[in-house]
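Fold and contact review
These are the residues of each chain, in order.
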Amino acid sequence: MKENRRSFFKWSLALGAIGLTAPAKAMNNLGSLGKVTRKPIIISTWQHGMDANKKAWEVLGAKGSALDAVEQGAREVESQVENKSVGIGGLPDELGKVTLDACIMDHNHKCGSVAFLQDIEHPISVARKVMEDTQHVMLVGEGAKKFALEKGFEKKNLLSKSSKEDYKKWKASQDRKKPEVNHENHDTIGLLAMDEAGNISGACTTSGWAYKLHGRVGDSPIIGAGLYVDNEVGGAVATGLGEAVIRVSGSHLVVELMRQGKSPQEACQLAVERIISKHEDLTGLQVGFLALNKKGEVGAYSVFNGFNYGLKSKDQDELIDAPFNRKW
(Lines give C-alpha, C1' and ligand atoms only; values in the text may rest on other atoms or scores of the structure.)
Protein backbone atom coordinates (compact mmCIF):
# COMPACT_ATOMS: atom_id res chain seq x y z
CA MET A 1 0.00 0.00 0.00
CA LYS A 2 2.81 2.42 0.87
CA GLU A 3 4.57 1.63 -2.38
CA ASN A 4 1.37 2.35 -4.29
CA ARG A 5 1.13 5.78 -2.74
CA ARG A 6 4.81 6.50 -3.31
CA SER A 7 4.47 5.68 -6.99
CA PHE A 8 1.17 7.56 -7.17
CA PHE A 9 2.77 10.88 -6.29
CA LYS A 10 6.44 10.51 -7.34
CA TRP A 11 8.09 12.99 -9.69
CA SER A 12 8.54 11.56 -13.16
CA LEU A 13 11.75 12.11 -15.08
CA ALA A 14 10.27 10.44 -18.14
CA LEU A 15 7.50 12.94 -18.78
CA GLY A 16 9.51 14.72 -21.46
CA ALA A 17 9.82 11.51 -23.42
CA ILE A 18 6.12 10.75 -23.08
CA GLY A 19 4.93 14.19 -24.08
CA LEU A 20 2.36 16.46 -22.44
CA THR A 21 0.33 17.58 -25.44
CA ALA A 22 -0.65 14.21 -26.91
CA PRO A 23 -1.80 11.96 -24.04
CA ALA A 24 -1.53 8.24 -24.70
CA LYS A 25 -4.77 6.30 -24.41
CA ALA A 26 -3.40 3.63 -22.11
CA MET A 27 -6.25 1.33 -21.18
CA ASN A 28 -4.96 -1.55 -19.09
CA ASN A 29 -6.50 -4.23 -16.93
CA LEU A 30 -10.15 -3.30 -17.39
CA GLY A 31 -11.10 -6.06 -14.96
CA SER A 32 -14.58 -5.36 -13.58
CA LEU A 33 -14.87 -1.95 -15.23
CA GLY A 34 -18.10 -1.57 -17.17
CA LYS A 35 -19.44 -4.88 -15.87
CA VAL A 36 -22.90 -4.72 -14.33
CA THR A 37 -22.66 -5.81 -10.71
CA ARG A 38 -25.65 -6.97 -8.71
CA LYS A 39 -26.59 -4.70 -5.83
CA PRO A 40 -25.62 -4.18 -3.13
CA ILE A 41 -22.12 -3.02 -4.00
CA ILE A 42 -19.39 -0.97 -2.30
CA ILE A 43 -16.33 0.51 -4.02
CA SER A 44 -13.51 2.40 -2.29
CA THR A 45 -10.27 4.01 -3.42
CA TRP A 46 -6.89 2.46 -2.71
CA GLN A 47 -5.83 -0.69 -0.94
CA HIS A 48 -7.15 0.60 2.36
CA GLY A 49 -10.50 0.53 0.59
CA MET A 50 -10.51 -3.22 1.10
CA ASP A 51 -10.72 -2.70 4.86
CA ALA A 52 -13.39 -0.06 4.37
CA ASN A 53 -15.40 -2.37 2.13
CA LYS A 54 -15.28 -5.19 4.65
CA LYS A 55 -16.71 -2.92 7.34
CA ALA A 56 -19.29 -1.41 4.99
CA TRP A 57 -20.44 -4.87 3.96
CA GLU A 58 -21.52 -5.58 7.52
CA VAL A 59 -24.18 -2.94 6.85
CA LEU A 60 -25.00 -3.75 3.23
CA GLY A 61 -25.05 -7.51 3.82
CA ALA A 62 -27.67 -7.00 6.51
CA LYS A 63 -29.82 -4.99 4.07
CA GLY A 64 -28.74 -1.69 5.64
CA SER A 65 -28.56 1.66 3.91
CA ALA A 66 -25.82 2.84 1.60
CA LEU A 67 -25.43 5.93 3.79
CA ASP A 68 -24.69 3.88 6.91
CA ALA A 69 -22.36 1.67 4.90
CA VAL A 70 -20.14 4.45 3.55
CA GLU A 71 -19.95 6.11 6.97
CA GLN A 72 -18.88 2.90 8.68
CA GLY A 73 -16.38 2.12 5.94
CA ALA A 74 -14.82 5.56 6.25
CA ARG A 75 -14.68 5.34 10.02
CA GLU A 76 -12.77 2.06 9.76
CA VAL A 77 -9.93 3.73 7.89
CA GLU A 78 -10.05 6.91 9.99
CA SER A 79 -9.18 4.78 13.04
CA GLN A 80 -6.16 3.05 11.49
CA VAL A 81 -3.21 4.62 13.31
CA GLU A 82 -0.72 3.08 10.90
CA ASN A 83 -2.49 4.73 7.96
CA LYS A 84 -0.87 8.13 7.40
CA SER A 85 -3.43 9.24 4.83
CA VAL A 86 -6.66 9.46 6.80
CA GLY A 87 -7.81 10.30 10.32
CA ILE A 88 -5.80 9.56 13.43
CA GLY A 89 -2.15 9.04 12.54
CA GLY A 90 -2.36 11.26 9.46
CA LEU A 91 0.72 13.24 8.49
CA PRO A 92 0.49 16.84 9.73
CA ASP A 93 0.71 20.24 8.05
CA GLU A 94 3.74 22.55 8.06
CA LEU A 95 3.07 23.49 11.71
CA GLY A 96 2.81 19.89 12.88
CA LYS A 97 -1.00 19.99 13.13
CA VAL A 98 -3.14 17.12 11.84
CA THR A 99 -6.12 18.72 10.10
CA LEU A 100 -8.93 16.64 8.64
CA ASP A 101 -11.44 17.11 5.81
CA ALA A 102 -14.49 14.98 5.03
CA CYS A 103 -17.87 15.00 3.34
CA ILE A 104 -20.83 12.69 2.94
CA MET A 105 -23.83 12.68 0.57
CA ASP A 106 -26.97 10.56 0.51
CA HIS A 107 -29.51 9.49 -2.09
CA ASN A 108 -31.85 12.38 -1.24
CA HIS A 109 -29.22 14.93 -2.33
CA LYS A 110 -28.51 15.84 1.27
CA CYS A 111 -24.89 16.44 2.14
CA GLY A 112 -22.61 17.51 4.98
CA SER A 113 -18.98 18.50 5.21
CA VAL A 114 -16.22 19.54 7.58
CA ALA A 115 -12.86 21.09 6.73
CA PHE A 116 -9.71 22.03 8.65
CA LEU A 117 -11.03 20.03 11.62
CA GLN A 118 -8.57 19.27 14.42
CA ASP A 119 -8.57 16.89 17.42
CA ILE A 120 -11.55 14.78 16.29
CA GLU A 121 -10.96 11.20 15.13
CA HIS A 122 -14.02 10.75 12.90
CA PRO A 123 -14.64 13.76 10.65
CA ILE A 124 -16.94 11.68 8.44
CA SER A 125 -19.40 11.27 11.31
CA VAL A 126 -19.18 14.98 12.14
CA ALA A 127 -19.97 15.69 8.49
CA ARG A 128 -23.05 13.47 8.76
CA LYS A 129 -24.14 15.39 11.85
CA VAL A 130 -23.78 18.63 9.89
CA MET A 131 -25.99 17.13 7.19
CA GLU A 132 -28.66 15.80 9.53
CA ASP A 133 -28.67 18.24 12.45
CA THR A 134 -28.09 21.64 10.83
CA GLN A 135 -29.32 23.72 7.92
CA HIS A 136 -25.76 24.02 6.64
CA VAL A 137 -23.58 21.96 4.33
CA MET A 138 -20.08 22.82 5.59
CA LEU A 139 -18.47 23.78 8.88
CA VAL A 140 -14.76 24.57 9.15
CA GLY A 141 -11.98 25.03 11.68
CA GLU A 142 -12.81 25.96 15.24
CA GLY A 143 -16.51 26.14 14.41
CA ALA A 144 -16.49 22.55 13.18
CA LYS A 145 -14.57 21.43 16.26
CA LYS A 146 -16.94 23.26 18.61
CA PHE A 147 -19.90 21.64 16.85
CA ALA A 148 -18.33 18.18 17.12
CA LEU A 149 -17.65 18.54 20.84
CA GLU A 150 -21.21 19.75 21.43
CA LYS A 151 -22.45 16.63 19.62
CA GLY A 152 -20.49 14.40 21.97
CA PHE A 153 -17.40 13.63 19.91
CA GLU A 154 -14.29 13.05 22.00
CA LYS A 155 -11.29 15.35 21.75
CA LYS A 156 -8.20 13.33 20.84
CA ASN A 157 -4.58 13.91 19.91
CA LEU A 158 -4.36 12.81 16.27
CA LEU A 159 -0.60 13.07 15.83
CA SER A 160 0.80 9.57 16.21
CA LYS A 161 4.34 8.89 17.37
CA SER A 162 5.32 7.71 13.89
CA SER A 163 3.85 10.73 12.11
CA LYS A 164 5.50 13.05 14.63
CA GLU A 165 8.88 11.50 13.89
CA ASP A 166 8.28 11.82 10.15
CA TYR A 167 7.36 15.47 10.62
CA LYS A 168 10.54 16.19 12.58
CA LYS A 169 12.64 14.62 9.83
CA TRP A 170 10.82 16.60 7.15
CA LYS A 171 11.18 19.85 9.04
CA ALA A 172 14.91 19.33 9.56
CA SER A 173 15.64 18.29 5.99
CA GLN A 174 13.31 20.58 4.07
CA ASP A 175 14.10 23.72 6.04
CA ARG A 176 10.49 24.87 5.68
CA LYS A 177 10.60 24.33 1.93
CA LYS A 178 7.28 24.59 0.12
CA PRO A 179 5.53 21.16 0.16
CA GLU A 180 5.87 19.20 -3.04
CA VAL A 181 3.56 16.70 -4.67
CA ASN A 182 5.80 13.67 -4.30
CA HIS A 183 6.10 10.47 -2.31
CA GLU A 184 5.63 12.44 0.91
CA ASN A 185 2.14 13.34 -0.17
CA HIS A 186 -0.76 11.18 0.85
CA ASP A 187 -4.28 10.58 -0.10
CA THR A 188 -7.96 10.25 0.62
CA ILE A 189 -10.35 7.40 0.82
CA GLY A 190 -13.49 7.83 -1.25
CA LEU A 191 -16.39 5.37 -1.05
CA LEU A 192 -19.54 4.79 -3.09
CA ALA A 193 -22.24 2.27 -2.18
CA MET A 194 -25.53 1.10 -3.64
CA ASP A 195 -27.83 -0.76 -1.28
CA GLU A 196 -30.55 -3.38 -1.83
CA ALA A 197 -33.07 -0.60 -2.46
CA GLY A 198 -30.91 0.72 -5.30
CA ASN A 199 -30.01 3.93 -3.48
CA ILE A 200 -26.51 5.39 -3.78
CA SER A 201 -24.54 7.31 -1.14
CA GLY A 202 -20.91 8.39 -0.93
CA ALA A 203 -18.25 9.53 1.51
CA CYS A 204 -14.79 11.02 1.32
CA THR A 205 -12.29 11.61 4.15
CA THR A 206 -8.62 12.60 4.39
CA SER A 207 -5.88 14.22 6.44
CA GLY A 208 -4.83 16.05 3.30
CA TRP A 209 -1.58 17.06 1.69
CA ALA A 210 1.38 16.17 3.91
CA TYR A 211 3.16 19.25 5.31
CA LYS A 212 0.70 21.52 3.53
CA LEU A 213 0.36 25.20 4.39
CA HIS A 214 -1.59 25.62 7.61
CA GLY A 215 -5.22 26.18 6.65
CA ARG A 216 -5.07 24.47 3.25
CA VAL A 217 -8.23 22.63 2.23
CA GLY A 218 -8.33 20.26 -0.73
CA ASP A 219 -11.12 18.72 -2.75
CA SER A 220 -12.16 16.04 -0.26
CA PRO A 221 -14.72 18.08 1.74
CA ILE A 222 -16.07 19.96 -1.28
CA ILE A 223 -19.33 18.62 -2.69
CA GLY A 224 -18.91 18.36 -6.45
CA ALA A 225 -15.13 18.11 -6.27
CA GLY A 226 -14.07 15.20 -4.04
CA LEU A 227 -17.55 13.63 -4.02
CA TYR A 228 -20.86 13.94 -5.81
CA VAL A 229 -23.97 11.77 -5.83
CA ASP A 230 -27.15 12.10 -7.85
CA ASN A 231 -29.39 9.12 -7.18
CA GLU A 232 -31.02 9.46 -10.60
CA VAL A 233 -27.67 8.85 -12.26
CA GLY A 234 -24.90 7.62 -9.96
CA GLY A 235 -21.96 8.88 -7.95
CA ALA A 236 -18.27 9.67 -8.25
CA VAL A 237 -15.29 10.28 -5.97
CA ALA A 238 -11.90 11.80 -6.72
CA THR A 239 -8.40 11.09 -5.50
CA GLY A 240 -5.05 12.79 -6.00
CA LEU A 241 -4.07 16.45 -6.23
CA GLY A 242 -7.11 18.23 -4.84
CA GLU A 243 -6.37 21.59 -6.41
CA ALA A 244 -6.61 20.06 -9.89
CA VAL A 245 -9.90 18.35 -9.01
CA ILE A 246 -11.41 21.55 -7.62
CA ARG A 247 -10.56 23.48 -10.79
CA VAL A 248 -12.85 21.27 -12.91
CA SER A 249 -15.44 20.33 -10.24
CA GLY A 250 -14.27 16.80 -10.93
CA SER A 251 -16.79 14.48 -9.32
CA HIS A 252 -19.72 16.58 -10.48
CA LEU A 253 -18.25 16.51 -13.98
CA VAL A 254 -18.13 12.70 -13.93
CA VAL A 255 -21.75 12.42 -12.80
CA GLU A 256 -22.96 14.92 -15.39
CA LEU A 257 -21.15 13.01 -18.12
CA MET A 258 -22.96 9.87 -16.96
CA ARG A 259 -26.22 11.83 -17.10
CA GLN A 260 -25.45 12.56 -20.74
CA GLY A 261 -25.24 8.83 -21.42
CA LYS A 262 -21.58 8.07 -20.84
CA SER A 263 -20.66 4.91 -18.97
CA PRO A 264 -18.83 5.34 -15.64
CA GLN A 265 -15.63 4.28 -17.40
CA GLU A 266 -16.05 6.79 -20.22
CA ALA A 267 -16.99 9.55 -17.78
CA CYS A 268 -13.93 8.99 -15.59
CA GLN A 269 -11.63 8.98 -18.60
CA LEU A 270 -13.13 12.16 -20.04
CA ALA A 271 -12.81 13.93 -16.69
CA VAL A 272 -9.14 12.95 -16.44
CA GLU A 273 -8.56 14.17 -19.99
CA ARG A 274 -10.24 17.47 -19.07
CA ILE A 275 -7.76 17.90 -16.22
CA ILE A 276 -4.83 17.05 -18.50
CA SER A 277 -6.00 19.63 -21.03
CA LYS A 278 -6.05 22.35 -18.37
CA HIS A 279 -2.45 21.87 -17.23
CA GLU A 280 0.64 22.65 -19.27
CA ASP A 281 2.88 20.89 -16.75
CA LEU A 282 1.81 17.49 -15.44
CA THR A 283 4.90 16.97 -13.30
CA GLY A 284 3.75 15.08 -10.22
CA LEU A 285 0.10 15.74 -11.05
CA GLN A 286 -1.88 12.61 -10.36
CA VAL A 287 -5.68 12.51 -10.25
CA GLY A 288 -7.99 9.53 -10.38
CA PHE A 289 -11.76 9.15 -10.48
CA LEU A 290 -13.97 6.26 -9.38
CA ALA A 291 -17.63 6.08 -10.36
CA LEU A 292 -20.75 3.96 -9.99
CA ASN A 293 -24.02 4.30 -11.90
CA LYS A 294 -27.55 3.11 -11.19
CA LYS A 295 -27.05 -0.01 -13.30
CA GLY A 296 -24.26 -1.15 -11.01
CA GLU A 297 -21.57 -0.39 -13.59
CA VAL A 298 -18.21 0.77 -12.24
CA GLY A 299 -15.60 2.99 -13.87
CA ALA A 300 -12.15 4.24 -12.87
CA TYR A 301 -9.36 6.14 -14.59
CA SER A 302 -6.26 8.14 -13.62
CA VAL A 303 -3.68 10.44 -15.13
CA PHE A 304 -0.75 8.16 -14.25
CA ASN A 305 -0.57 4.47 -13.42
CA GLY A 306 -0.72 3.31 -9.80
CA PHE A 307 -4.33 4.03 -8.86
CA ASN A 308 -6.40 1.08 -7.60
CA TYR A 309 -9.67 0.50 -5.81
CA GLY A 310 -11.51 -2.15 -3.83
CA LEU A 311 -14.82 -3.61 -5.01
CA LYS A 312 -17.10 -5.80 -2.93
CA SER A 313 -20.46 -7.30 -3.87
CA LYS A 314 -22.21 -10.61 -3.41
CA ASP A 315 -19.98 -12.11 -6.10
CA GLN A 316 -16.73 -10.16 -5.83
CA ASP A 317 -14.18 -9.02 -3.29
CA GLU A 318 -11.08 -7.75 -5.03
CA LEU A 319 -8.52 -4.98 -5.48
CA ILE A 320 -8.51 -3.69 -9.05
CA ASP A 321 -5.90 -1.62 -10.90
CA ALA A 322 -7.49 1.29 -12.73
CA PRO A 323 -6.74 2.13 -16.37
CA PHE A 324 -4.58 5.21 -16.86
CA ASN A 325 -3.57 7.79 -19.45
CA ARG A 326 0.22 7.56 -19.09
CA LYS A 327 3.01 5.95 -17.11
CA TRP A 328 5.34 7.64 -14.66
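Think of each chain on its own: its residues are numbered from 1, step by step along the sequence as written. Local features in this predicted model are restricted to residues whose pLDDT is 70 or higher, and side-chain atom pairs enter the listing and the counts only when it is 80 or higher, whereas totals over whole chains, interfaces and linings include all residues. Note that water and hydrogens are dropped before the side-chain values are worked out from all heavy atoms of the structure.

**Considering the packing of helix H9 (residues 250-259) against helix H10 (residues 264-277)**
Axes here refer to lines fitted to C-alpha atoms; in helices the fit is confined to the stretch in contact. Angles between the N-to-C directions go from 0 to 180 degrees. What counts as a helix is a DSSP run of H or I of at least four residues, what counts as a strand is a run of E of at least two, and both are numbered from the N terminus. Closest axis-to-axis distance for the H9/H10 pair is 8 Å, and the angle between their directions is 135°. As far as their axial angle goes, H10 and H9 are oblique. You can see that H9 and H10 cross each other, and the crossing is right-handed. Of the residues in H10, those in contact with Leu253, Val254, Leu257 and Met258 of H9 are Pro264, Ala267, Cys268, Leu270, Ala271 and Arg274. Any residue outside Ala, Val, Leu, Ile, Met, Phe, Trp, Tyr, Cys, Pro, Asp, Glu, Lys and Arg is labelled polar, Gly included; the first ten of those are nonpolar and the last four are charged. Residue composition of the contact of H9 with H10, grouped by class: nine nonpolar, no polar and one charged. Just so you know how the angles are binned, under 35 degrees is roughly parallel, over 145 roughly antiparallel, 65 to 115 roughly perpendicular, and the rest oblique. Handedness of a crossing is defined here by the sense of rotation of the near helix relative to the far one, left-handed for an anticlockwise turn of less than a right angle and right-handed for a clockwise turn. Residues count as neighbours in contact if any of their non-hydrogen atoms are within 4.5 Å of one another.

**Describing the pattern of salt bridges**
For this analysis, a salt bridge means a side-chain nitrogen from Lys or Arg found within 4 Å of a carboxyl oxygen belonging to Asp or Glu. One pass over the full model with this rule turns up 18 salt bridges. Residue Glu121 is joined to Lys156 by a salt bridge in which the shortest nitrogen-to-oxygen separation is 2.5 Å. In this pair, Glu121 is assigned in the loop between strand S3 (111-117) and helix H5 (123-133) and Lys156 in the loop between helix H6 (141-150) and helix H7 (161-174), connecting sequence segments 35 residues apart. Summary of the burial criterion: residues with accessible area below 20% of their type's maximum are buried, those above 50% are exposed, and those between are partly exposed, where the area comes from a 1.4 Å probe applied to protein chains only. For Lys156, a relative accessible area of 27% gives the class partly exposed. Ionic pairing is found between Arg259 and Asp230, a salt bridge with its closest N-O pair at 2.5 Å. Of this pair, Arg259 sits in helix H9 while Asp230 sits in strand S7 (residues 227-230), and the two are 29 residues apart along the sequence. Judged by its relative accessible area of 38%, Arg259 falls in the partly exposed class. Put simply, Asp68, Glu71, Arg128 and Glu132 are held in one network by salt bridges that share partners.

**Some thoughts on the sheet that holds strand S9 (residues 287-293)**
Taken in spatial order, the five strands line up as S7-S8-S9-S10-S13 in an open sheet, and their pairing is mixed. Single-partner strands in this sheet number two, and they are S7 and strand S13 (324-326). With direction set aside, neighbouring strand axes in the sheet form an average angle of 10°. Paired strands are those between which DSSP finds at least two bridges. The pairing of S9 with strand S10 (residues 298-304) spans five bridges and is classified as antiparallel. Within S10, the residue paired with Gly288 across the bridge is Ser302. Sheet strands in contact with H9 are S7, strand S8 (234-240) and S9, and its direction is about 145° off that of S8. Running over the sheet, H10 touches S9, S10 and S13 and is turned about 20° from S10.

**Notes on H5**
One full turn of an α-helix is made of 3.6 residues, so residues set three or four places apart face in the same direction. Counting buried positions over the eleven residues of H5 gives eight, a clear majority of the element. Buried within H5 we find Pro123, Ile124, Ser125, Val126, Ala127, Arg128, Val130 and Met131. In this fold, the buried residues of H5 make contact with helix H4 (66-78), strand S2 (100-105), S3, strand S4 (138-140), H6 and strand S6 (200-206).

**Topic: the packing of aromatic side chains**
In this description, a pair of aromatic rings is defined by centroid distance and the angle of the planes. Pairs were defined over the aromatic rings of Phe, Tyr and Trp, the Trp ring being its six-membered one, requiring ring centres within 6.5 Å. Orientation was assigned from the angle between planes: stacked under 30 degrees, edge-to-face over 60, tilted for the rest. Scanning the model with the defined rule gives five aromatic pairs in all. Ring centres of Trp170 and Tyr211 lie 4.5 Å apart, and the angle between their planes is 10°; this geometry places the pair in the stacked category. A residue pair is termed long-range when its members are at least 10 positions apart, and Trp170 in helix H7 and Tyr211 in the loop between S6 and S7 qualify at 41 residues. Relative accessible area serves as the criterion here: at 5%, Trp170 is assigned to the buried category. In this structure an aromatic cluster arises from ring pairing among Tyr167, Trp170 and Tyr211. A ring has a charge above it when a Lys NZ or an Arg CZ is no more than 6 Å from the ring centre and no more than 35 degrees off the ring normal. The ring of Trp57 has Lys312 lying over it, and the distance from NZ or CZ to the ring centre is 5.4 Å.

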